[in-house]
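Descriptive analysis of the structure
Below are the chains, spelled out letter by letter.
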Amino acid sequence: MSISVQDEKHLRAALELAREGIALCSPNPAVGAVITDKDGNIGGTGSHRYEGRKHAEVLAIEQAGSRAKGGTLYLNLEPCSHTGRTGPCTSAVFDAGIKRVVAAMPDPNPAVGGRGFEQLRGAGVVVEVADGELRAEARRLNESFAKFIQHRTPLVTLKAGMTLDGKIAPPPGEQDSPTALGIAGASMGWITSEEARAHVQTLRHESDAILVGVGTIVADDPLLTDRTELPRRRPLLRIIVDSRLRLPLESRVVKTAKDDVIVFCGFAEESHKRELESRGVRVEQLPLYPASWALAAGGRPVKSSDSRPDMRSLAKRLGEMEITSLLVEGGAMINWAALSSEIVDKVFLYYSPKILAGTGAVPSATGEGFRRMNEAAHVKNLTLHRFGEDFAVEGYLKDPYEARLQVVPAPESRTGQIYEGV
């Protein structure tokens with residue numbers, strides 16, 4: 001629906017307020033609200049925080065007071081019509097005397113989507129829903145909520161930094177060893193620029209969890225933290241896939257663990273498991289997926305005798321933990337494991353204007369690969385980004401808003417509350 005220039009201005013302000021809630025709302029969506037009085041002047045604003053409980057439109061109504069009567073409510077997401085941790089926002093809109101609502105998009109929650117608009121219209125409130133760029137921005141902002149609320153698994157983004165010829169690391173050298181933590185990253189340098197690496201921190205901040213394979217820990221000894229210094233409701237969950245539980249006790253993730261590190265393994269040696277758990281690392285075993293690949297000397301892929309934890313089971317487990325978004329930062333084997341298990345929803349691939357060439361350099365994904373071109377993972381809805389000399393490709397393997405599975409009514413959360421649509 002076409003809206004006025006003034007409507008667009010206020011709706012963009014609501015979107016900006018919603019963005020202030022990034023990392024502070026999960027597992028709820030990010031929502032911002034603006035109320036204008038009957039003369040078009042701003043009377044109140046609100047931005048949702050999970051811990052604050054009150055929804056954005058309620059906060060805006062409280063701030064506007066009597067100025068809300070006869071006014072317009074702008075928000076990036078349809079008002080909720082059900083009772084969860086709070087009462088329905090549609091009732092608050094009626095009670096405040098608001099006569100018009102302009103929203104950027106409907107609620108993607110299949111249990112309640114569209115009901116809020118229906119109730120508002122039934123009560124005589126004029127409802128208008130934006131389209132075009134504003135709706136696209138609103139959908140992008142809450143795509144992790146859309147995926148989670150429909151499928152109970154997180155939105156999975158595969159991130160990788162690589163050369164123009166698709167290499168994520170030079171050939172493994174003699175200096176690499178299971179005990180030489182961090183030596184590969186320290187000695188081989190960065191592929192992507194400082195600007196691109198700074199943007200990666202933005203992706204981490206937008207995510208509930210980050211995942212790598214234990215090989216990345218052994219090679220680079222990363223911290224895997226959100227270094228934006230922006231506020232978070234809960235720490236970035238650091239996840240390590242480690243089939244044989246060989247995570248070194250001297251690694252930085254273990255040394256800094258504060259119940260924010262979890263290792264998914266197929267086999268757990270009991271004494272090492274106890275050592276990790278005593279340091280604040282959670283260890284969970286998952287069903288095994290039989291096909292596993294490893295890098296032999298020179299980067300040649302060879303089949304491993306060890307099985308790896310099943311990635312679909314991992315995604316399901318994260319959904320049970322109310323993790324709505326997962327950033328896969330990989331390692332070549334983990335990248336292939338995620339792609340081949342079809343858990344990846346989108347990619348964010350950074351490219352540096354360098355060419356490593358050679359058969360020994362590590363490719364972005366190491367494994368059996370897709371055997372036919374028509375089986376290849378097809379990335380759609382591409383967006384290109386520039387970071388100095390580098391560029392990045394953002395795109396989707398799956399639409400987070402598409403109901404790919406049978407939709408069931410929203411279950412209760414671990415806290416006994418219905419998952420809210422706003």
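All of these numbers come straight from a predicted model, not from anything done at the bench. (Residues numbered from 1 in each chain as written. Predicted model: local features only at pLDDT ≥ 70, side-chain atom pairs only at ≥ 80, totals over all residues. Heavy atoms only, no water.)

Looking at the packing of aromatic side chains
Put simply, the rule is: Two aromatic rings from Phe, Tyr or Trp, using only the six-membered ring of Trp, form a pair when their centres are within 6.5 Å; if the ring planes differ by under 30 degrees the pair is stacked, by over 60 it is edge-to-face, and anything between is tilted. Working definition: with a 1.4 Å probe on protein chains only, accessible area under 20% of the residue-type maximum means buried, over 50% means exposed, and in between means partly exposed.
Taken as a whole and judged by the stated rule, the model has 4 aromatic pairs. The interplanar angle of 35° and the centroid separation of 5.2 Å between the aromatic rings of Phe348 and Tyr350 together place this pair among those described as tilted. Residue class for Phe348 comes out buried when judged on its relative accessible area of 2%. Taking the relative accessible area as the measure of exposure, Tyr350 reaches 1% and is therefore buried.

So, the environment of Asp390
As a reminder, the rule being used: The helix count covers DSSP runs of H or I at least four residues long, the strand count covers runs of E at least two residues long, and both are numbered beginning at the N terminus. Contacts are assigned to residue pairs with any non-hydrogen atoms lying within 4.5 Å of each other. We call two N or O atoms a polar contact when they sit within 3.5 Å, provided that within protein one can donate a hydrogen and the other can accept it, with sequence-adjacent residues counted only if both atoms are side-chain atoms.
With respect to the secondary-structure elements, Asp390 resides in strand 20 (residues 390-396). Note: C-alpha distance between Asp390 and Gly161 (229 residues apart in sequence) is 9.8 Å. Residue contacts for Asp390: discarding those within four places in its chain leaves Thr192, Ser193, Ala196, Tyr351, Ser352, Pro353 and His385. At 2.5 Å, the side chain of Asp390 forms a polar contact with the backbone nitrogen of Ser193.

A few points about the sheet that holds strand 2 (residues 42-47)
One key point about sheets: their strands pair by backbone hydrogen bonds, in either a parallel or an antiparallel sense. Heads up, the rule is: What makes two strands pair is DSSP finding at least two bridges between them. Helix axes are fitted only over the stretch in contact, all axes being lines through C-alpha atoms; the angle between N-to-C directions runs from 0 to 180 degrees.
The sheet built from 5 strands is open, its strands ordered 2-1-3-4-5 with mixed pairing. With partners counted over all chains shown, the strands left at the sheet margins are strand 2 and strand 5 (126-129), one partner each. This sheet shows a mean twist of 15° between the axes of neighbouring strands, independent of strand direction. As paired elements, strand 3 (residues 72-75) and strand 4 (residues 100-103) share 4 bridges and run parallel to each other. Its bridge partner being in strand 4, Thr72 is matched across the sheet by Arg100.

Things to note about the packing of helix 3 (residues 89-96) against helix 4 (residues 115-122)
The following threshold applies: Any angle that falls under 35 degrees is termed roughly parallel, while one over 145 is termed roughly antiparallel, one within 65 to 115 roughly perpendicular, and all others oblique. Should the near helix be turned anticlockwise from the far one by less than a right angle, the crossing is termed left-handed; should it be turned clockwise, right-handed. Throughout, the ten residues Ala, Val, Leu, Ile, Met, Phe, Trp, Tyr, Cys and Pro are labelled nonpolar, Asp, Glu, Lys and Arg are labelled charged, and all others, Gly among them, are labelled polar.
The geometry of helix 3 relative to helix 4 is characterised by a closest axis approach of 10 Å and an angle of 25° between their N-to-C directions. Here helix 3 lies roughly parallel to helix 4, going by the angle between them. In the packing of helix 3 onto helix 4, the handedness of the crossing is right-handed. For the pair helix 3 and helix 4, the contacting residues are Thr90, Val93 and Phe94 in the first and Gly116, Gln119 and Leu120 in the second. Tallied by class, residues from the contact of helix 3 with helix 4 come to 3 nonpolar, 3 polar and no charged.

What about the pairing of strand 10 (residues 261-265)?
Put simply, the rule reads: For crossovers, right-handed means that the path from the first strand over the helix to the second runs clockwise, given strands pointing away from the viewer.
Burial within strand 10 is extensive, with 5 of its 5 residues counted as buried. Because side chains alternate across strand 10, one face comprises the buried residues Val261, Val263 and Cys265, and the other comprises Ile262 and Phe264, equally buried. As paired strands, strand 10 and strand 11 (residues 281-285) are joined by 5 bridges and run parallel to one another. If you follow Ile262 over to strand 11, its bridge partner there is Arg282. Each parallel crossover has a hand, and the one from strand 10 via helix 11 (residues 270-278) to strand 11 is right-handed.

Considerations on the side chain of Thr90
Mapped onto the elements, Thr90 comes out in helix 3. You can call Thr90 buried: its relative accessible area is 0%. The residues touching Thr90, leaving out its near neighbours within four places in the chain, are Pro79, Cys80, Ser81, Gly116, Gln119 and Leu120.

Observations regarding the sheet that holds strand 16 (residues 325-330)
Here 9 strands make up an open sheet; going across it, the order is 11-10-9-8-16-6-17-20-19 and the pairing mixed. Edge positions in the sheet fall to strand 11 and strand 19 (380-387), since each of these pairs with one other strand and no more. Within this sheet the neighbouring strands show an average axis-to-axis angle of 20°, counted without direction. Of the pairings in the sheet, the one linking strand 17 (residues 346-352) to strand 20 comprises 6 bridges and is antiparallel in character. Residue pairing for strand 20: Val347 is matched across the bridge by Gly395.

Focus on the environment of Gly46
Position of Gly46 among the secondary structure elements: in strand 2. Residues Gly46 and Leu75 lie 29 residues apart in sequence; the distance between their C-alpha atoms is 9.4 Å. Every residue in contact with Gly46, bar those within four places of it in the chain, is listed here: Leu17, Val31, Gly32, Ala33, Ala56, Leu59 and Ala60.

Brief notes about the nonpolar core
Note on soluble globular proteins: their nonpolar side chains tend to be buried together. So the rule is basically this: Buried Ala, Val, Leu, Ile, Met, Phe, Trp, Tyr and Cys residues form a nonpolar core when they are joined through side-chain atoms within 4.5 Å.
Ranked by internal contacts, the top residues of the largest apolar core, which has 40 residues, are Leu11, Ile35, Leu73, Leu75, Val93, Ile98 and Val101. It is helix 1 (residues 5-19) that contributes the most residues to this core, 5 residues altogether. Residues within four places of Ile35 in sequence aside, it is in contact with Asn41, Ile42, Gly43, Gly44, Ala60, Ile61, Ala64, Ala68, Thr72, Leu73 and Ile98. Counting 31 residues, the second largest nonpolar core, distinct from the first, contains Val241, Phe264, Val328 and Ala337.

A short note on the layout of surface pockets
Here the idea is plain: a probe the size of a water molecule rolls over the atoms and shows the empty space left. As a reminder, the rule being used: Definitions used for this entry: grid spacing 1 Å over protein atoms alone; cavity, a set of points where a 1.4 Å probe fits but cannot get out; pocket, an open set with protein on both sides within 12 Å along at least 5 of 7 lines; lining residue, one with an atom within 4 Å of a point. Grid points are joined across faces, edges and corners, and a volume is the space filled by probe spheres set on the points.
Put simply, the second largest pocket is a space of about 490 Å³. Contributions of two or more residues to the lining of the second largest pocket are made by helix 5 (132-141), helix 6 (143-151), strand 6 (155-163), helix 8 (194-206), strand 16 and strand 17. Grouping the amino acids of the lining of the second largest pocket by side-chain chemistry returns 14 nonpolar, 10 polar and 7 charged.

Side note on the environment of Leu276
Positionally, Leu276 belongs in helix 11. For Leu276, a relative accessible area of 0% translates into the label buried. With sequence-adjacent residues up to four places away left out, Leu276 is seen in contact with Leu245, Leu247, Leu249, Val254, Val281 and Val283.

Quick look at the pattern of salt bridges
How we decide: Whenever a carboxyl oxygen of Asp or Glu lies within 4 Å of a side-chain nitrogen of Lys or Arg, that contact is scored as a salt bridge.
Counted by the stated rule, this structure contains 29 salt bridges. Salt-bridge contacts for Arg100 lead to Asp7; the nearest nitrogen and oxygen are separated by 2.5 Å. Of this pair, Arg100 sits in strand 4 while Asp7 sits in helix 1; the two residues are 93 residues apart in sequence, bridging distant segments of the chain. Residue Arg100 is classed as buried on the basis of its relative accessible area of 19%. For Asp7, a relative accessible area of 5% puts it in the buried group.

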